[in-house]
Amino acid sequence: MFKKILILGSGALKIGEAGEFDYSGSQALKALKEEGIKTVLVNPNIATIQTSKELADKIYFLPVTPYFVTKVIEKEKVDAIFLSFGGQTALNCGLALEKSGVFKKNNIQVLGTPVKSIEITEDRELFAKSLSEISIKVPKGGFAKTPNQALEIGEKIGYPVLIRAGFSLGGLGSGVCGNKQELSKMATTALKQTSQIAVEEYLKHWKEVEYEVVRDNTGNKITVCNMENFDPLGIHTGESIVIAPSQTLNNFQYHMLRRLALQVIEHLGIVGECNIQFALNPENNDYRVIEVNARLSRSSALASKATGYPLAYIAAKIGLGKNLPDLKNRVTLKTSAFFEPALDYLVVKIPRWDLQKFVGAEETIGSEMKSVGEVMAIGRSFPEGLQKAVRMLDIGQDGLLGNHVDDTKLTPTSERLFAVAQRLSKDESVESIYHETGIDPWFLYQIKEIVEFEKVLDSSAFGLRMTSEVILKAKKLGFSDKVIGKYLDKTEEEIRKYRKKNGIIPKVKHIDTLAGEFPAKTNYLYLTYHGEESDSSPAKPDQNYSSKAIVLGSGPYRIGSSVEFDWCSVTAAQTLRQKGLEAVVINCNPETVSTDYDLADKLYFEELTFERVSDIYDIEGGSLVLSFGGQIPNNLAMDCFRAGYKILGTSPESIDRAEDRNKFSALLDKLGIGQPPWQSFKNSESAIKFAKKIGYPVLVRPSYVLSGSAMNVAYSPSALKKYLRKATEVSAEYPLVLSKFVEGAKEIEIDGVGKKGELLIYAISEHVENAGVHSGDATIVLPPQRLFLETVRRIKTTTKKIVYELNINGPFNIQFLAKNNQIMVIELNLRASRSFPFVSKVTGNNFVELATRVMLGEDVNGDYKTIDLDYVGVKAPQFSFNRIKGADPRLRVEMSSTGEVACFGDDLYEAYLKSLMSSGFKLPKESVFLSIGGQKNKLEMLFYAEKLASLGFKIYATENTHKFLMESGIKTIRIYKISEKKHPSVLDLLRDGDVEMAINISDGIISQKGETDGYIIRRNCVDLGIPLITNLEAAETLILAFSSKKMEDLQIKAWDEYVIN
Amino acid sequence: MQGKLVLSDGTYFLGESFGSPNSTSGEVVFNTGMVGYPESLTDPSYFGQILVLTYPLVGNYGVPNKKFWESEKIQVKGLIVQNYIDSPSHFELERSLGEWLKDEGIPALCGIDTRALTIKLREHGVMLGKLETGSLREARNWKLEAGKDIYDPNSENVLPYVSVDRVETYGSCKKNILLIDCGAKENIIRSLMKRKVRVTRAPWDFDPLESDIRFDGVLISNGPGDPKQAKKTIANVKKILNRRIPTFGICLGSQILALAAGGDTYKLKFGHRGQNQPVIDQTTRKAIQTAQNHGFAVDMKSLGSQWEEWFINLNDGTNEGIRHKSKPFLAVQFHPEANPGPFDGGFLFDEFLKYV
Ligand SMILES: Nc1ncnc2c1ncn2[C@@H]1O[C@H](COP(=O)(O)OP(=O)(O)O)[C@@H](O)[C@H]1O
Ligand SMILES: Nc1ncnc2c1ncn2[C@@H]1O[C@H](COP(=O)(O)OP(=O)(O)O)[C@@H](O)[C@H]1O
Ligand SMILES: [Mg+2]
Ligand SMILES: [Mg+2]
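Everything numeric here is computed off the predicted structure, so don't read it as measured data.

**Looking at the packing of aromatic side chains**
Part 1 of the reasoning: Under the definition given, this model contains 36 aromatic pairs over all chains.
Part 2 of the reasoning: Judged by centre distance (5.0 Å) and plane angle (85°), the ring pair of Y67(A) and F68(A) falls under edge-to-face.
Part 3 of the reasoning: Using a relative accessible area of 29% as the deciding quantity, one classes Y67(A) as partly exposed.
Part 4 of the reasoning: Summarising the aromatic geometry, the rings of Y345(A) and Y526(A) are spaced 5.6 Å apart at their centres and angled 55° between planes, so their arrangement reads as tilted. Of this pair, Y345(A) sits in the loop between helix 11 (311–319) and strand 15 (346–352) while Y526(A) is found in strand 18 (residues 524–528), placing the two residues 181 residues apart along the sequence. For the pair Y345(A) and Y526(A), a shared accessibility class is recorded, and that class is buried.
Part 5 of the reasoning: Members of the aromatic cluster, connected to one another through ring pairs, are F61(A), Y871(A), F904(A), W1055(A) and Y1058(A).
Part 6 of the reasoning: Seen from the ring of Y313(A), R330(A) lies directly overhead, with NZ or CZ sitting 4.0 Å from the centre.
Part 7 of the reasoning: Above the ring of W310(B), the side-chain terminus of R323(B) is found at 4.4 Å from the ring centroid.

**Some remarks on the site of ligand 2**
All names here are of chain A.
Part 1 of the reasoning: Lining the immediate environment of ligand 2, one finds 18 residues, of which R701, K740, E747, H774 and E827 sit closest.
Part 2 of the reasoning: For ligand 2, an oxygen atom lies 3.0 Å from a polar atom in the backbone of V773.
Part 3 of the reasoning: Contact distances for ligand 2 include 3.2 Å between an oxygen atom and a side-chain N or O atom of Q815.
Part 4 of the reasoning: The protein chains hide 88% of the 550 Å² of surface that ligand 2 would expose on its own.
Part 5 of the reasoning: Listing elements by their share of the shell around ligand 2, those giving two or more residues are strand 24 (698–702), strand 30 (810–819) and strand 31 (822–829).
Part 6 of the reasoning: For the shell around ligand 2, the per-class residue count stands at ten nonpolar, four polar and four charged.

**Observations regarding the sheet that holds strand 30 of chain A**
Residues and elements named next belong to chain A.
Part 1 of the reasoning: Within the open sheet, the seven strands sit side by side as 31-30-27-28-29-32-33. Their pairing is antiparallel. One side of each edge strand has no neighbouring strand; the edge strands of this open sheet are strand 31 and strand 33 (899–905). Strand-to-strand twist of the sheet, defined as the mean angle between neighbouring strand axes without regard to direction, takes the value 30°.
Part 2 of the reasoning: In the sheet, strand 27 (residues 746–755) pairs with strand 30 via nine bridges, with the strands oriented antiparallel. Note on strand 30: the bridge partner recorded for K746 is A818.
Part 3 of the reasoning: Contacts from helix 27 (residues 836–843) reach strand 27, strand 28 (758–767), strand 29 (780–782), strand 30, strand 32 (872–878) and strand 33, with the element oriented near 30° to strand 29.

**Remarks on the pairing of strand 4 (residues 49–53) of chain B**
Residue and element names in this part refer to chain B.
Part 1 of the reasoning: Counting buried positions along strand 4 gives five out of five residues, so the element sits mostly inside the fold.
Part 2 of the reasoning: Along strand 4, one buried face is formed by Q49, L51 and L53 and the opposite face, lined by I50 and V52, is buried too.
Part 3 of the reasoning: For strand 3 (residues 24–31) and strand 4, the ladder comprises five bridges, and the chain directions are parallel. Along strand 4, the bridge assignment pairs F30 with V52.
Part 4 of the reasoning: Bridge count between strand 4 and strand 6 (residues 78–80): three bridges; the pairing is parallel. Bridge pairing in strand 6 links V52 to I80.

**A few points about the coordination of the magnesium ion (ligand 3)**
Residues and elements named next belong to chain A.
Part 1 of the reasoning: The protein atoms that coordinate the magnesium ion (ligand 3) are E291 (OE), E291 (OE) and N293 (OD1), at distances of 2.3 to 2.7 Å.
Part 2 of the reasoning: Here the magnesium ion (ligand 3) and the magnesium ion (ligand 4) are spaced 4.1 Å apart, and both take E291 as a donor. Across the pair, N293 and E291 agree in class, each one buried.

**As for the confidence of the model for chain B**
Part 1 of the reasoning: Within chain B, residue pLDDT values average 96, and 99% of them lie at 70 or more.
Part 2 of the reasoning: The ipTM assigned to the predicted complex is 0.97, against a pTM of 0.97.

**What about the site of ligand 1?**
Residue and element names in this part refer to chain A.
Part 1 of the reasoning: By nearness alone, 22 residues border ligand 1, and R164, G171, E208, H236 and Q277 come closest of all.
Part 2 of the reasoning: For ligand 1, an oxygen atom lies 2.5 Å from a polar atom in the side chain of R164.
Part 3 of the reasoning: In this structure, H236 approaches ligand 1 through a side-chain N or O atom, which is 2.8 Å from an oxygen atom.
Part 4 of the reasoning: Listing elements by their share of the shell around ligand 1, those giving two or more residues are strand 7 (161–165), strand 9 (197–201) and strand 14 (287–293).
Part 5 of the reasoning: Tallied by class, the residues present in the shell around ligand 1 amount to eight nonpolar, eight polar and six charged.

**Some words on the packing of helix 30 (residues 935–950) of chain A against helix 31 (residues 959–967) of chain A**
Residue and element names in this part refer to chain A.
Part 1 of the reasoning: The geometry of helix 30 relative to helix 31 is characterised by a closest axis approach of 11 Å and an angle of 55° between their N-to-C directions. It follows from the interaxial angle that helix 30 and helix 31 lie oblique. Judged by the twist between their axes, the crossing of helix 30 over helix 31 is right-handed. On helix 31, the residues that touch Q935, K938, L939, L942 and A945 of helix 30 are N960, T961, F964 and L965.
Part 2 of the reasoning: Of the residues in the contact of helix 30 with helix 31, the class split is five nonpolar, three polar and one charged.

**Thoughts on the interface of chain A and chain B**
Part 1 of the reasoning: Each partner contributes to the interface: chain A provides 56 residues, whereas chain B provides 49 residues.
Part 2 of the reasoning: The three residues of chain A that bury the most area against chain B are N251(A), R380(A) and E517(A), which together make up 16% of that side's buried surface.
Part 3 of the reasoning: Run the count over chain A and chain B and you get six salt bridges.
Part 4 of the reasoning: Between R115(B) and D512(A) there is a salt bridge, with the nearest N and O atoms lying 3.0 Å from each other.
Part 5 of the reasoning: At the surface where chain A touches chain B, the tally comes to 28 residue pairs in polar contact (both at pLDDT 80 or more).
Part 6 of the reasoning: At the level of secondary structure, the elements contributing two or more residues to the side of chain A that touches chain B comprise helix 9 (251–268), helix 15 (441–458) and strand 17 (507–510) of chain A.
Part 7 of the reasoning: Here the side of chain A that touches chain B gets eight residues from one element, more than from any other, and that element is helix 9 of chain A.
Part 8 of the reasoning: Of the residues in the side of chain A that touches chain B, the class split is 23 nonpolar, 19 polar and 14 charged.

**Considering the pattern of salt bridges**
Part 1 of the reasoning: A complete count under the given rule lists 90 salt bridges over all chains for this structure.
Part 2 of the reasoning: Residues joined by salt bridges that share partners form a network here, namely K388(A), K475(A), D481(A), R496(A), R499(A), K500(A), E606(A), E611(A), R612(A), D615(A) and D618(A).

**Comments concerning the environment of G1014(A)**
Residue and element names in this part refer to chain A.
Part 1 of the reasoning: Following the sequence through the fold, G1014 ends up in helix 33 (residues 1008–1024).
Part 2 of the reasoning: Classification of G1014 as buried rests on a relative accessible area of 8%.
Part 3 of the reasoning: Considering only alpha carbons, one finds G1014 and C588, 426 residues apart in sequence, at a separation of 40 Å.

**Some remarks on the coordination of the magnesium ion (ligand 4)**
Residues and elements named next belong to chain A.
Part 1 of the reasoning: At 2.1 to 2.8 Å from the magnesium ion (ligand 4) lie its protein donor atoms, namely Q277 (OE1), Q277 (NE2) and E291 (OE).
Part 2 of the reasoning: On the basis of relative accessible area, Q277 is assigned to the buried category, the value being 6%.
Part 3 of the reasoning: Overall, the relative accessible area of 12% leaves E291 in the buried class.

**Section: the side chain of K841(A)**
All names here are of chain A.
Part 1 of the reasoning: Inspection of the secondary structure assignment puts K841 in helix 27.
Part 2 of the reasoning: Here K841 sits buried without a salt bridge, and the closest side chain of opposite charge, D22, lies 7.5 Å off (N-O distance).
Part 3 of the reasoning: A polar contact of 2.9 Å, which involves the side chain of K841, links it to the side chain of T51.
Part 4 of the reasoning: Apart from residues lying up to four places away in sequence, K841 is in contact with I46, A47, T48, T51, S52, F61, W567, F904, W1055 and V1059.

**Some words on a positive patch on the surface**
Part 1 of the reasoning: A surface patch of like charges, here positive, comprises K721(A), K722(A), R725(A) and K726(A).
Part 2 of the reasoning: Here K721(A) falls in the partly exposed class, since its relative accessible area comes to 41%.

**Details of the packing of helix 12 (residues 382–392) of chain A against helix 15 of chain A**
Residues and elements named next belong to chain A.
Part 1 of the reasoning: Helix 15 packs onto helix 12 with a crossing angle of 75° between their chain directions and a minimal axis gap of 10 Å. The angle between the axes of helix 12 and helix 15 places the two elements in the roughly perpendicular class. Between helix 12, through F382, P383, L386 and Q387, and helix 15, the contact on the second element is made entirely by W442, F443, Q446, I447 and I450.

**Points about helix 21 (residues 631–642) of chain A**
The α-helix winds at 3.6 residues per turn, so residues separated by three or four positions along the chain end up facing the same way.
Residues and elements named next belong to chain A.
Part 1 of the reasoning: Turning to helix 21, its buried residues number three or more, namely I632, P633, N634, L636, A637, M638 and C640.
Part 2 of the reasoning: If you follow the buried residues of helix 21, they end up packed against strand 19 (548–552), helix 20 (610–620), strand 22 (623–625) and helix 22 (652–659).
Part 3 of the reasoning: Count one or two residues on from helix 21 and you reach G644, which has phi positive near 85°.

**Remarks on the domain arrangement of chain B**
All names here are of chain B.
Part 1 of the reasoning: You can read the domains of chain B as domain 1 (2–155) and domain 2 (159–353).
Part 2 of the reasoning: On a C-alpha basis, the centres of domain 1 and domain 2 stand 27 Å from each other.
Part 3 of the reasoning: In this assembly, 33 residues from domain 1 lie in contact with 26 residues from domain 2.
Part 4 of the reasoning: Roughly 2,100 Å² is buried in total at the junction of domain 1 and domain 2, and carbon and sulfur atoms are behind 49% of that figure.
Part 5 of the reasoning: The largest contributions to the domain 1 side of the interface with domain 2 come from S45, E70 and N154, which together make up 27% of the buried area.
Part 6 of the reasoning: Along the contact surface separating domain 1 from domain 2 lie two salt bridges.
Part 7 of the reasoning: Note that R190 and E70 form a salt bridge whose closest N and O atoms lie 3.2 Å from each other.
Part 8 of the reasoning: The tally of links from domain 1 across to domain 2 stands at 15 residue pairs in polar contact (both at pLDDT 80 or more).
Part 9 of the reasoning: The set of elements that each furnish at least two residues to the side of domain 1 that touches domain 2 consists of strand 3, helix 1 (37–41) and helix 3 (114–124).
Part 10 of the reasoning: Of the residues that constitute the side of domain 1 that touches domain 2, the class distribution is 13 nonpolar, 13 polar and seven charged.

Calculation rules
- Residues numbered from 1 in each chain as written.
- Chains lettered and ligands numbered in written order.
- Predicted model: local features only at pLDDT ≥ 70, side-chain atom pairs only at ≥ 80, totals over all residues.
- Heavy atoms only, no water.
- Phe/Tyr/Trp six-rings, centres within 6.5 Å; stacked < 30°, edge-to-face > 60°.
- Buried < 20%, exposed > 50% of the residue type's maximum accessible area, 1.4 Å probe, protein only.
- Helix = DSSP H or I, 4+ residues; strand = E, 2+ residues; numbered from the N terminus.
- Lys NZ or Arg CZ within 6 Å of the ring centre and 35° of its normal.
- Near = heavy atom within 4 Å.
- Polar contact = N/O pair within 3.5 Å; in protein donor to acceptor, adjacent residues only side chain to side chain.
- Areas by Shrake-Rupley, 256 points an atom, 1.4 Å probe, with all protein chains shown as cover.
- Nonpolar A, V, L, I, M, F, W, Y, C, P; charged D, E, K, R; others polar.
- Pairing = 2+ DSSP bridges.
- Axes fitted to C-alpha atoms, helices over the stretch in contact; angles between N-to-C directions.
- Contact = heavy atoms within 4.5 Å.
- Donors = N, O, S within 2.8 Å, 3.2 Å for Na, K, Ca; no water.
- pLDDT = per-residue confidence, 0-100.
- Parallel < 35°, antiparallel > 145°, perpendicular 65-115°, else oblique.
- Left-handed = near helix turned anticlockwise from the far one by under 90°.
- Buried area = accessible area lost by both parts, 1.4 Å probe.
- Salt bridge = Lys/Arg side-chain N within 4 Å of Asp/Glu carboxyl O.
- Lys, Arg positive; Asp, Glu negative; His and termini not counted.
- Patch = residues over 30% accessible without salt bridge, like charges linked within 9 Å, V, L, I, M, F, W, Y side chains within 5 Å.
- Charge placed at Lys NZ, Arg CZ, Asp CG, Glu CD.
- Domains from an automatic or database assignment.

Next comes the structure, spelled out in structure tokens:
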């Protein structure tokens, strides 16, 4: 047996690799802990649950790269390693380590699927060869290592063709090519990033079906779940609406694909868990195997949640040598784990996109992933599940219709579902939509049923009255009280009252893995209107507020709210249990740990809407905990308060005073606390007048966004006008807020916990970037390294005033601007913030636990050390611009990062370098490219450019930067901008791979031309995988850091060597 | 059209009728498979039963051509589902499920809380029940009392209703397997023929040793009802065993084989009906997923020491297969022929044919 096992995490959340790997890693660690095995985890993602102290014995917040992992292996002397729980990051790192002989040299056994098998599944060519040995079909085509080879294959099989890259996920570098030119272009780009691509027949409108498969050491095999994509082949499974189990496959097709799945994994020798994707011809039973992912994946997280089968846990046990018949079903605790779950419900997954957060992003979706999160809805009819899922997305859509979606085109976009519904409501035929989209008529008929009923609700011609029958039918079809009310001219509350009076109440059903055949010992629950009886629910709601608490989770991951809030929710639920309360969790995100059914006493996999929370509150009673799931629960505070529900923590009235801009501003004035001048406007003219008064630049925040990004900085009246004209509607209903944009200010955050108006604990963190880069995109340093003592003192006293005034009793976060020793408050959140896991793990004080205890009324006291630390923690953002074609990667006031990492060091530079590398940044060794806009920025950069030169870097620069630096005595090589139409151009330079890093700082006031050049530079860096810095302060810190530290200086120290917990 | 299902303990469920507008009664059982309703409905083992499907959407892909069915007609007496899907989609579809049920005179209800019903059956054990349909007006006057005059398929020998009337032959290969048809699923015949043998299908009470048909092995098929009612078949099998003729039993066939060998069978509380039943080979420790549909089981303890337990169910430990230690007699409780369900047990036909 093994004594110490190393697990690799997946690092920061990024598009294609998100929270699902926190779920799988956490389950694996749990499974190992049960066996009494010591675990070592390498994962720089500080916001995860797996990097909490309960799960792993040793945690290294270090990059998951061969260099660092080798160091950890040598230091920890582990005897085995798991590669399959940390996504593609862990897998690729593991493959590299195997290749370089590190495992062999250190006598390390790779657990689970053998590396040989993994290599076959990752190399698309080997894979195709391997499957041909057992006569299993893959798409026709070939493999290319050069663009020319790609073209040859294209000629042979005919266009359109699809290209796919190996050793990647999320469809990176894949796409459809309609002709020679397109293929040539795409193949060239793709082959820059990967050594081999598949060029194959484009299987237009074939069905895409996935199976999750488990195989043990002796060859016992099961398929745990099958899933059908609503969108046909060509839309990545991560981009598609997915239904489990499949709906349109008959017995033959279901079991034919199942049998093929088992044959393939037997042939490949998978040990543990894998995912297999099929294409199925809708007109006959022809099929192709698209790929096998020999590791836990996003789909396996979904399958786990959809079925209740703990795939990652079981995979870990198998990795340790156990076999399926020896393991028990974790839900019944009685039957065998060697079984295929039978569902008596269906689940609908819908991805969540945030494309509008990016400037210039293409809106179409396809074989490459762009979504940042997903929701899963459980129902006993497709309409029920689908409409639940739409609401869970939290994108402001209450239903399928009436949302101003442009339905002129049915090309796949993030809004196609709504366009399809709208077309159906306009009586377009199912056949014609099927023809255009390839979405199986079955799904279209189901959607038609929803929209037709909605039309009936809508038409007063029918004189439809509110009857039990109508309401019940509507509820079975998944309509919310709000939507029903809208059509019947009633409020949501009136519909609710009517429903309850007439006994139209959703029923509680268990997810028990066996469709009722055996009783479940766990409480994994959902609500449905397709049922007469609840499986089990308390006879009466709990009237005792202090014996039960319901924690609301954070919903789908999206830009601005992701795994950090899951950590907060999980920690809160754990604390409640420790304190002897019954903990109930509500959440709807399949990529989370909070939706593991053994985490709380009860889990409702449900919507986080007021209606659903009320339904659950009516059943369960107790108190509500709204402070840890981010903005969704926070926004429900006032409604729940008005409804008379018991809420733990700070009063919702205080939350309202913080969230309402006018009230908050008045509060700051009353307390004599500074804030940037601002005003709200109902028309554009007065806004422009105000801007003139306070002076440019100004920060614009519209409350209604048509297209483009919400927040923006305007540097001139013309920019403001243009922005107002293009992007937004300004009216009484949708006012606009204008504030003075303070240039050159430092941004500082304080995270803390208040206890009945007293400041219990706080942590002050400093941003590397000046204000103007969203706090979610900023690099954050704790404890602060460059703040004046005076500033720190002011922040603390100001915070105390606010905590007192609002009688804060729970978590909070305040953002400050500091300039010339003056501080201003820009925002207060009366909830846990994004940085709570970071400050908790860096200071060694669990802020969420403390907050939860305070909220329960405990008189917590303590002396917490959060400023005078002997080390530094740096949190760095993770961007996924490479996934969002066309998006401008420049950092702005609007957040665009998808995840974060944090590392420790003895000083700022060490921690900074580790964090940066953890987010995938490759440090330059020889050459950099500089393009610095604006005189002020150039002057600032001078010192750092000198540093670069003195370190022996070859510096390339564009016209003005070149001239400026040469005049200052720094040798640079002039490169032509694209607009100059001369060579060597920036593009030549980037494409030829001569540059290892680009620093592109754009001036605030940018001309159209300059901006276009800058955009092309930045975008090409992203597309070609060249590290890019777009912020001055970040560039400075980076240059100082790598000029003072070498790789060898970066210490390999575990978390507990820095922080004593 | 409305409908109700009343169980023998008086519990009732109201729903909507989507099948034939008549009434019926029988033993109410549930199946947890998520696909394969055309196969299940035509499986003769369901004779005399009202089938509850736990998967909440039924009808999705309509009904295919007869050649894909497991017998000539719908065998269940009634069908109960949560949601009936009347807008099916599939390239093989010939009519909707509702149309089919109506064409064959089988009543069916939807809008029933099938999960609550299933849990009821699990806790109480299978029950008899009565399914009635009627107009809204009639429905208002329904008395919901415990059903009387309910048909109980275990109270008589039902094999005559599901077996063939006379001997039929399939294929022309040399080796001949005698299939004792107790309500055989078509896919047993297809599975055998795929393996290059001739199949002689004989009625349930046919005594092959009295006929001039020459055969190399015997397969006792699946079928409905209490195995102990099949007295004639048991007697015939006894004689076959005495002659040491290779014999393979499937489902009811396994129970009949056990009874012929002097063993005993008993009724399970609610049976095994689904596609995810895990069984393990006691000698090789290899486990497979199987399709099952049975309410009775072989009592292993009752069999002599010459018999060994071949497979057991990993969930509840019940017997899933028996095997003679020295003679070519073997049987499984599950369905190696699948349809519906997984094909994992298909190799057992080869295992049997090795002896032939
Ligand atoms: N031959 C093909 N024709 C059409 N679409 C395809 C083809 N092969 C793959 N796809 C689509 O591309 C997506 C991504 O391909 P896949 O091999 O699964 O990449 P990844 O490993 O990145 O998930 C699939 O989900 C599927 O929708
Ligand atoms: N008045 C201001 N002057 C300069 N920068 C500002 C100002 N207000 C906000 N910012 C910048 O914009 C970012 C986002 O603003 P914030 O109000 O915190 O938005 P959100 O609600 O999305 O967190 C901040 O992190 C800060 O960098
Ligand atoms: Mg893949
Ligand atoms: Mg894939």
